[in-house]
Amino acid sequence: QVQLVESGGGLVQPGGSLRLSCAARGSIFNIESMGWYRQSPGKERELVATITSAGNTNYLDSVKGRFTISRDNKITSYLQMNSVKSEDTADYYCNADVVTTARVRKVYWGRGTQVIVSS
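One structure accompanies this document, and this report is about it. (Residues numbered from 1 in each chain as written. Predicted model: local features only at pLDDT ≥ 70, side-chain atom pairs only at ≥ 80, totals over all residues. Heavy atoms only, no water.)

**Description of the overall build of the chain**
Scanning the chain for helices and strands turns up zero helices and 11 strands. Its C-alpha atoms give the chain a radius of gyration of 14 Å, near enough to 14 Å, the size a compact globule of 119 residues would have. Reported as C-alpha extents along the three principal axes, the dimensions of the chain are approximately 45 × 25 × 20 Å. Considering only intrachain contacts with a sequence separation of at least 6, the fraction spanning at least 24 residues in the chain is 55%. Counting every atom, the chain has about 6,400 Å² of accessible surface; 44% of that belongs to carbon and sulfur. Considering the chain, the positive charge centre built from 14 side chains and the negative charge centre built from 10 side chains are found 5 Å apart. (Helix = DSSP H or I, 4+ residues; strand = E, 2+ residues; numbered from the N terminus. Rg over C-alpha atoms; globule rule 2.2 N^0.38 Å. Contact = heavy atoms within 4.5 Å. Areas by Shrake-Rupley, 256 points an atom, 1.4 Å probe, with all protein chains shown as cover. Lys, Arg positive; Asp, Glu negative; His and termini not counted. Charge placed at Lys NZ, Arg CZ, Asp CG, Glu CD.)

Below, the structure written as structure tokens:
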């Protein structure tokens, strides 16, 4: 059993910063990649950023230069959000491509954390 626990969401003013964290817990052998997605009301969930075990990153065009994804000790990921805009308001979800100790590979999702950008 694997769980992803997100934290760090909240209310932030336009132009401000926020850092989201995602901690993976459970029967983990390895995590191939970790990512952050977001979903706004009435919109489909979209990929924000991903990072592989080798440290390769990928970003949604609209967040390039403002958001940074990183990993710490292989099982925790962070999304540093700078210069936030109102359009960044969404529920943010962490995911991880996990190989369990039973050598089963599966993608897990967190429950989400809300980010509201407003003055």
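**Brief notes about the pattern of salt bridges**
Taken as a whole and judged by the stated rule, the model has five salt bridges. One network of salt bridges, with partners in common, ties together Arg 38, Glu 46, Arg 66 and Asp 88. (Salt bridge = Lys/Arg side-chain N within 4 Å of Asp/Glu carboxyl O.)

**Observations concerning the state of the cysteines**
What the rule picks out here adds up to one disulfide. Bridging Cys 22 to Cys 94, the disulfide has an S-S length of 1.9 Å. Taking the sign of the S-S torsion, -70 degrees for the link of Cys 22 and Cys 94, the bridge is left-handed. Linking Cys 22 in strand β3 (residues 18-26) with Cys 94 in strand β9 (residues 90-100), this pair joins segments that are 72 residues apart in sequence. In this structure Cys 22 comes out as buried when scored by relative accessible area, which is 0%. (Disulfide = S-S within 2.5 Å. Buried < 20%, exposed > 50% of the residue type's maximum accessible area, 1.4 Å probe, protein only.)

**Observations regarding the pairing of strand β1 (residues 2-7)**
Remember that side chains alternate between the two faces of the sheet whenever the strand is regular. Side chains of β1 alternate between two faces, with Val 2, Leu 4 and Glu 6 buried and Gln 3, Val 5 and Ser 7 left unburied. Relative to β3, β1 is paired through six bridges, and the arrangement is antiparallel. Residue pairing for β3: Ser 7 is matched across the bridge by Ser 21. (Pairing = 2+ DSSP bridges.)

**With respect to the sheet that holds strand β7 (residues 67-72)**
Reading across the sheet, the four strands line up as β1-β3-β8-β7 and stay open at both edges, with antiparallel pairing between neighbours. Among the strands making up the open sheet, the edge pair consists of β1 and β7. Each strand axis lies, on average, 15 degrees off the axis of its neighbour in the sheet, ignoring direction. One ladder, built from six bridges, connects β7 with strand β8 (residues 76-81); its direction is antiparallel. The residue of β8 that forms the bridge with Thr 68 is Gln 80. (Axes fitted to C-alpha atoms, helices over the stretch in contact; angles between N-to-C directions.)

Functional significance is not addressed by these values, which are geometric in nature.
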